[in-house]
Amino acid sequence: MPSLANYRIVNVSHETHNTFSWQLTPWSGEIFDFTPGQFVMLHLLNPDGTSQAKKPYSIASSPLNKKYLELAIKVQGNFSGQLATLRTEDLVGVEGPFGAFTYQPQKHKQVVMLAGGIGITPFISMIRYLSDAALEDNKIWLYYCNQTEAEIAYRRELEELGRQNPNLTVTFSVDRCLIEGCPGWYGEVGFIDSSKIEEHIGDYKDKYFFLCGPPAFIQIAEGIIKNHNVPPEMIKKEGF
Ligand SMILES: Cc1cc2nc3c(=O)[nH]c(=O)nc-3n(C[C@H](O)[C@H](O)[C@H](O)COP(=O)(O)OP(=O)(O)OC[C@H]3O[C@@H](n4cnc5c(N)ncnc54)[C@H](O)[C@@H]3O)c2cc1C
């Protein structure tokens, strides 16, 4: 059963110029069990500890990490802007876990993850889990799209995990290079398309497709996948 509890911010990291991550620990008790891909409702608290407002945020940490819960937040509007003003030792309300956008290693042996922008967060949890749990019979291809190189959150960690883990293939893609040029860029350039995905995953057969990002990204990615006759039951999606 999802529960609402107070969590303390124990660490704040800047992932990019507009995205930060928090490590959170429960004020009392332990972190709840969850499945990679699930999200929490994050509550901003009033001075008296009551909930002021709430929004959903995917969990970025691995379920095997019992030390802290990690969230990554892109500053976009009012709520995330208020979250950005909080500091270590501040308290927030965490309610969860929720959601069915989940990675189940027994079932999802081969997964292509298509991430748009901050839609990377549930995949970070899944990829960390792949490594933490040393899942040797599972394969993940991550295709991670951003407008610019500067917006790639968790870049160093993903590069490192991709190097270490033969079951993980990481591809970054940016679309702004076409206009601005990106010296030294080794990833893909331009919008996501069928042939670019195919180049990195081999073929579309017998693979699950997990899509996460803004609704427009999901729509394009889903269109590409459906053109390859991937059955609907092998497609999972979460729009942010
Ligand atoms: C299941 C789920 C998981 C999620 N996980 C994450 C996560 O891990 N990390 C994350 O960062 N987000 C995540 N989100 C999104 C998150 O819940 C918030 O929606 C997000 O932080 C934006 O909220 P906000 O109040 O800051 O922005 P909003 O105020 O809702 O603004 C959102 C966008 O609308 C624009 N906008 C707002 N008002 C106007 C206006 N009047 N005119 C024109 N444009 C306007 C803003 O500029 C901004 O681009 C998730 C969402 C879902 C559903």
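Residues numbered from 1 in each chain as written. Predicted model: local features only at pLDDT ≥ 70, side-chain atom pairs only at ≥ 80, totals over all residues. Heavy atoms only, no water.

Novice: In this structure, what is going on with the site of the ligand? I would like to understand it.
Specialist: In the region of the ligand, 18 residues are neighbours, and Lys55, Pro56, Tyr57, Ser80 and Thr121 sit closest. Pro56 is positioned with one of its backbone polar atoms (N or O) 2.7 Å from an oxygen atom of the ligand. In the environment of the ligand, an oxygen atom lies 2.6 Å from a nitrogen or oxygen atom belonging to the side chain of Tyr57. Here the ligand loses 59% of its free accessible area of 980 Å² to cover by the protein chains. Judged by its atoms lying within 2 Å of the grid points, the ligand is housed in the largest pocket. (Near = heavy atom within 4 Å. Polar contact = N/O pair within 3.5 Å; in protein donor to acceptor, adjacent residues only side chain to side chain. Areas by Shrake-Rupley, 256 points an atom, 1.4 Å probe, with all protein chains shown as cover. 1 Å grid on protein atoms, 1.4 Å probe; cavity = no way out; pocket = protein on both sides within 12 Å on 5 of 7 lines; lining within 4 Å. Sits in = over half its atoms within 2 Å of the grid points.)

Novice: Sorry, what's going on with the state of the cysteines here?
Specialist: Here, disulfide denotes a covalent bond that connects the sulfur atoms of two cysteines. Following the criterion strictly, the structure yields one disulfide and no others. What pairs with Cys177 in a disulfide is Cys182, and their sulfur atoms sit 2.0 Å apart. Since a negative S-S torsion denotes a left-handed disulfide, the Cys177-Cys182 link at about -135° is left-handed. A residue is classified by how much of its surface remains accessible, and Cys177, at 10% relative accessible area, is buried. We note that Cys145 lacks a disulfide partner, and the nearest cysteine sulfur, in Cys212, lies 12 Å from it. Cys145 gets classed as buried once you look at its relative accessible area, which sits at 10%. (Disulfide = S-S within 2.5 Å. Buried < 20%, exposed > 50% of the residue type's maximum accessible area, 1.4 Å probe, protein only.)

Novice: When you look at helix α2 (residues 121–132) in this model, what are you seeing that I'm missing?
Specialist: Compared with the 16 Å implied by 1.5 Å per residue over twelve residues, the 17 Å span of α2 between its first and last C-alpha is a close match. Counting buried residues in α2 gives ten out of twelve residues, a clear majority hidden from the surface. Phi turns positive one or two residues past the end of α2, at Ala134, with a value near 50°. (Helix = DSSP H or I, 4+ residues; strand = E, 2+ residues; numbered from the N terminus. Expected span 1.5 Å × (residues − 1).)

Novice: I tried to follow empty space enclosed by the protein on my own but got confused; where do I start?
Specialist: Gaps between atoms show up when a probe of the same size as a water molecule is rolled over them. Within the structure shown, the criterion is met by one cavity of 30 Å³ or more. Empty space within the largest cavity amounts to approximately 40 Å³. In terms of lining, the largest cavity is formed by Val112, Trp141, Leu142, Tyr143, Thr169, Thr171, His200 and Ile201. Every element with two or more residues in the lining of the largest cavity is listed here: β8 (139–146), β9 (168–174) and α5 (194–201). Top element by residues in the lining of the largest cavity is β8. It accounts for three residues. Taken together, the residues that form the lining of the largest cavity break down as five nonpolar, three polar and no charged. (Points joined across faces, edges and corners; volume = space filled by probe spheres on them. Nonpolar A, V, L, I, M, F, W, Y, C, P; charged D, E, K, R; others polar.)

Novice: Sorry if this is basic, but what is going on with the packing of aromatic side chains here?
Specialist: The geometry of an aromatic ring pair is captured by the separation of the ring centres together with the interplanar angle, meaning the angle of the planes. Applying the stated rule across the entire model yields nine aromatic pairs. Taken together, the ring pairs connect Phe101, Phe123 and Phe210 into an aromatic cluster. Taking NZ or CZ as reference, Lys139 lies 4.8 Å from the ring centre of Trp141, over its face. In this arrangement the basic side chain of Lys207 is found over the ring face of Trp141, its NZ or CZ atom lying 4.9 Å from the centre. (Phe/Tyr/Trp six-rings, centres within 6.5 Å; stacked < 30°, edge-to-face > 60°. Lys NZ or Arg CZ within 6 Å of the ring centre and 35° of its normal.)

Novice: I keep staring at the sheet that holds strand β5 (residues 69–74) and nothing clicks. Help me out?
Specialist: Pairing between the strands of a sheet is mediated by backbone hydrogen bonds and can be parallel or antiparallel. In spatial order, the strands read β4-β3-β6-β1-β2-β5; together these six strands make up an open sheet with antiparallel pairing. Looking along the sheet, the strands with just one partner apiece sit at the ends: β4 (51–58) and β5. Across this sheet, the average inter-strand angle for adjacent strands is 40°, counted without regard to direction. As defined by bridge partners, strand β3 (residues 39–45) adjoins strand β6 (residues 91–98) across four bridges and the pair is classed as antiparallel. Opposite Leu42, over in β6, you have Val94 as the bridge partner. (Pairing = 2+ DSSP bridges. Axes fitted to C-alpha atoms, helices over the stretch in contact; angles between N-to-C directions.)

Novice: Got a minute to help me understand the nonpolar core in this structure?
Specialist: Among soluble globular proteins, nonpolar side chains are generally buried collectively. With 51 residues, the main nonpolar core has Leu114 and Phe123 as its most contacted residues. Secondary-structure elements contributing two or more residues to this core are β7 (110–116), α2, β8, α3 (155–164), β9, α5, β11 (208–213) and α6 (215–227). By size, the runner-up hydrophobic cluster in this structure holds 21 residues, among which are Phe34, Val40, Leu42 and Phe79. (Core = buried A, V, L, I, M, F, W, Y, C linked by side-chain atoms within 4.5 Å.)

Novice: Whenever I open this one, the pairing of β5 confuses me. Can you help?
Specialist: Successive side chains on a regular strand alternate, one facing one side of the sheet and the next facing the other. Within β5, five of the six residues are buried, leaving the element largely enclosed by the surrounding structure. Note that strand β2 (residues 19–26) and β5 share six bridges and pair antiparallel. Of the residues in β5, the one forming a bridge with Trp22 is Leu71.

Novice: How should I be thinking about the pattern of salt bridges in this particular structure?
Specialist: Taken as a whole, this structure holds 13 salt bridges when the rule is applied. For the salt bridge of Asp206 with Lys205, the shortest nitrogen-to-oxygen distance reads 3.5 Å. Each member of the pair Asp206 and Lys205 is classed as exposed. A single salt-bridge network, built from bridges that share partners, covers Glu149, Arg155, Arg156 and Glu159. (Salt bridge = Lys/Arg side-chain N within 4 Å of Asp/Glu carboxyl O.)

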